[in-house]
Amino acid sequence: MRTVDIKQLSRSWAKGIGLQEFLVTRRHSSGELIEIPVARIQGAFQGPQMTVMSGMHAGEYSGILAAQKLITSVKPEQLCGTLIVIPVISTKAFMQRNMQLNPVDQREVHFVRPGNPEGTYSDMLMDTIFEIVKDSDFLIDSHAGEMAQSLMSWIPVPMGGDDEMDRKSLELAAGFQIEYVEPRYDVPSIPEFCISLLEAGIANIWVECGKNGVPTQKDIAIHFDGYVAALQTMKMIHGDPARHDQKVLKGKRSQINSHKSGVWHPAVNEGDIVESGQHLGRLTDYFGNTIAEFTSPSRSLVLYYWSNPAINASRRPHDYDWHNGLVSLLDLEE
Ligand SMILES: [Zn+2]
């Protein structure tokens, strides 16, 4: 592994075929250091560039372990084009076991738009990631449920590129053994980072597979096999890509939040379909006395719920509703 400053990275890429491993660094004005591991595999044949990345949210481990496996599995002499693998994006959060938010500035980096390296630590982090991936044609970003998140596996696909790019993004998703694919048109609910990728002409998906910060062998394999299928789909490696029965999810996202702090008792599971008015759970005080009840506003699919009982309504850094979130829903009513 070589340590290189972001400014030196593209000059450090070897001309010949093979695997290179870098620790890409950049110093933020706060004094905090950004460190991002980047593997670059230059194939023996001409072809496009694909990026596989994970660990944007640092407790989402199944994709991280699958990305590691990818680095050692893809043989440069059999690869057409270039594969970039970033196994852990948020290394500072990863090493602090810090859930979801960046530990330096408490921001949710998926919703940080690149292009502002003079801003906060998260601004610089996502700008650095963008600098690393910006020449890619395709990008797969692996996520899962954080330690506090019981999550149903599904693949959101940011739509809004041209038809050709939207089609390629959907093709990236088709090889994952995950039941639900969600083409997302609702722009405010598409993370800013994904919008920047679309604007740069990069077909992309993010894959939600795994839950509660537990990297099971099954979930790691689903991420890994999906990467392989995507490489085959884009003709970067040989083989017929796997295809699975997938259903298209349509609907608007909503999140049930608590306006009070307390102890959360969920009454649903991820993947449940709940009816309008159905009980979702209750909030109690420390002693177990009910202080609030929650019901579903519409017939909805439970994408995930917070399995962690600790609900803190006053902790809302940058207004982000992570510590008072209870249930994430997809409205199934038309
Ligand atoms: Zn995530």
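Conventions adopted
- Residues numbered from 1 in each chain as written.
- Predicted model: local features only at pLDDT ≥ 70, side-chain atom pairs only at ≥ 80, totals over all residues.
- Heavy atoms only, no water.
- Helix = DSSP H or I, 4+ residues; strand = E, 2+ residues; numbered from the N terminus.
- Contact = heavy atoms within 4.5 Å.
- Areas by Shrake-Rupley, 256 points an atom, 1.4 Å probe, with all protein chains shown as cover.
- Lys, Arg positive; Asp, Glu negative; His and termini not counted.
- Charge placed at Lys NZ, Arg CZ, Asp CG, Glu CD.
- Donors = N, O, S within 2.8 Å, 3.2 Å for Na, K, Ca; no water.
- Tetrahedral: all angles 85-135°; square planar, octahedral: opposite > 155°, others 65-115°.
- Buried < 20%, exposed > 50% of the residue type's maximum accessible area, 1.4 Å probe, protein only.
- Axes fitted to C-alpha atoms, helices over the stretch in contact; angles between N-to-C directions.
- Parallel < 35°, antiparallel > 145°, perpendicular 65-115°, else oblique.
- Left-handed = near helix turned anticlockwise from the far one by under 90°.
- Nonpolar A, V, L, I, M, F, W, Y, C, P; charged D, E, K, R; others polar.
- Arc of directions from axis to C-beta.
- Phe/Tyr/Trp six-rings, centres within 6.5 Å; stacked < 30°, edge-to-face > 60°.
- Core = buried A, V, L, I, M, F, W, Y, C linked by side-chain atoms within 4.5 Å.
- Expected span 1.5 Å × (residues − 1).
- Pairing = 2+ DSSP bridges.
- Domains from an automatic or database assignment.
- Buried area = accessible area lost by both parts, 1.4 Å probe.
- Salt bridge = Lys/Arg side-chain N within 4 Å of Asp/Glu carboxyl O.

Looking only at helices and strands, one finds seven helices and 19 strands in the protein. Oriented by its inertia axes, the alpha-carbon framework of the protein measures out at about 65 × 50 × 35 Å. Within the protein, contacts between residues at least 6 apart in sequence are counted, and of these 72% link residues at least 24 apart. If you sum the accessible surface of the protein, you get close to 14500 Å²; carbon and sulfur atoms cover 49% of it. The positive charge centre, built from 30 side chains, and the negative charge centre, built from 41, are 5 Å apart in the protein.

Looking now at the coordination of the zinc ion. Only H57 (ND1), E60 (OE), E60 (OE) and H143 (ND1) from the protein coordinate the zinc ion, and they sit 2.1 to 2.4 Å from it. If you look at the zinc ion, its four donor atoms make angles of 57 to 149 degrees with each other, and the shape they trace is irregular. As a motif over one chain, the donors of the zinc ion read H-x2-E-x82-H. Residue classification places H57 among the buried positions, given a relative accessible area of 3%.

This brings us to the packing of helix α2 (residues 61-73) against helix α7 (residues 217-233). It is the contact of α2 with α7, at a shortest axis distance of 8 Å, that shows an interaxial angle of 45 degrees. In terms of their interaxial angle, α2 and α7 are classed as oblique. Note that α2 runs across α7; the crossing there is right-handed. Mapping the contact onto sequence places S62, G63, L65, A66, A67, K69, L70 and S73 in α2 and D219, I220, H223, F224, Y227 and L231 in α7. Residue classes in the contact of α2 with α7 are distributed as eight nonpolar, four polar and two charged.

So, about helix α5 (residues 163-173). When we look at burial in α5, the residues that qualify are M165, D166, S169, L172 and A173. One side of α5 holds all its buried residues, which, seen down the axis, span an arc of 115 degrees.

This brings us to the packing of aromatic side chains. Following the criterion strictly, the structure yields seven aromatic pairs and no others. An angle of 70 degrees between the planes, with centres 5.4 Å apart, marks the rings of W306 and W322 as edge-to-face. Separated by 16 residues along the polypeptide, W306 in strand β17 (residues 300-306) and W322 in the loop between β18 (310-311) and β19 (325-331) bring together distant segments of the chain. Both residues of the pair, W306 and W322, belong to the buried class. Through successive ring pairs, a cluster of aromatic residues spans W154, Y304, W306 and W322.

Right, let's talk about the nonpolar core for a bit. In this structure, M50, L70, L83, I140, I155, L172 and I205 are the most contacted members of the largest nonpolar core, which totals 37 residues. With six residues, α7 is the single largest residue contributor to this core. Beyond its immediate chain neighbours, meaning those up to four positions away, I140 contacts M50, T51, V52, M53, L172, F176, I205, V207, Y227 and A230. Judged by nonpolar contacts, the second largest core, of 28 residues, contains V24, V109, M126 and F130.

A few words on α2. Since the α-helix packs 3.6 residues into each turn, any two residues three or four apart lie on the same face. Given a rise of 1.5 Å per residue, 13 residues ought to cover 18 Å, and the 19 Å separating the end C-alpha atoms of α2 matches this to within 8%. Residues of α2 that are buried: Y61, S62, G63, I64, A66, A67, L70 and I71.

Sheet strands pair by backbone hydrogen bonding; their relative direction is either parallel or antiparallel. Ordered by their spatial adjacency, four strands build an open sheet running β16-β15-β13-β18, and the pairing between neighbours is antiparallel. Of all strands in the sheet, those bounded by a partner on one side alone are β16 (290-295) and β18.

It is worth spelling out the domain arrangement of the protein at this point. Entries for the protein in the domain assignment read domain 1 (2-248) and domain 2 (252-331). Measuring from the centre of the C-alpha atoms in domain 1 to the corresponding centre in domain 2 gives 29 Å. With 20 residues of domain 1 at the interface, the matching set in domain 2 holds 19 residues. Summed over both partners, the interface of domain 1 with domain 2 buries about 1700 Å², with 61% contributed by carbon and sulfur atoms. Scanning the region where domain 1 abuts domain 2 turns up two salt bridges. Of the charged contacts in the structure, one is a salt bridge between D186 and K252, with a shortest N-O distance of 3.5 Å.

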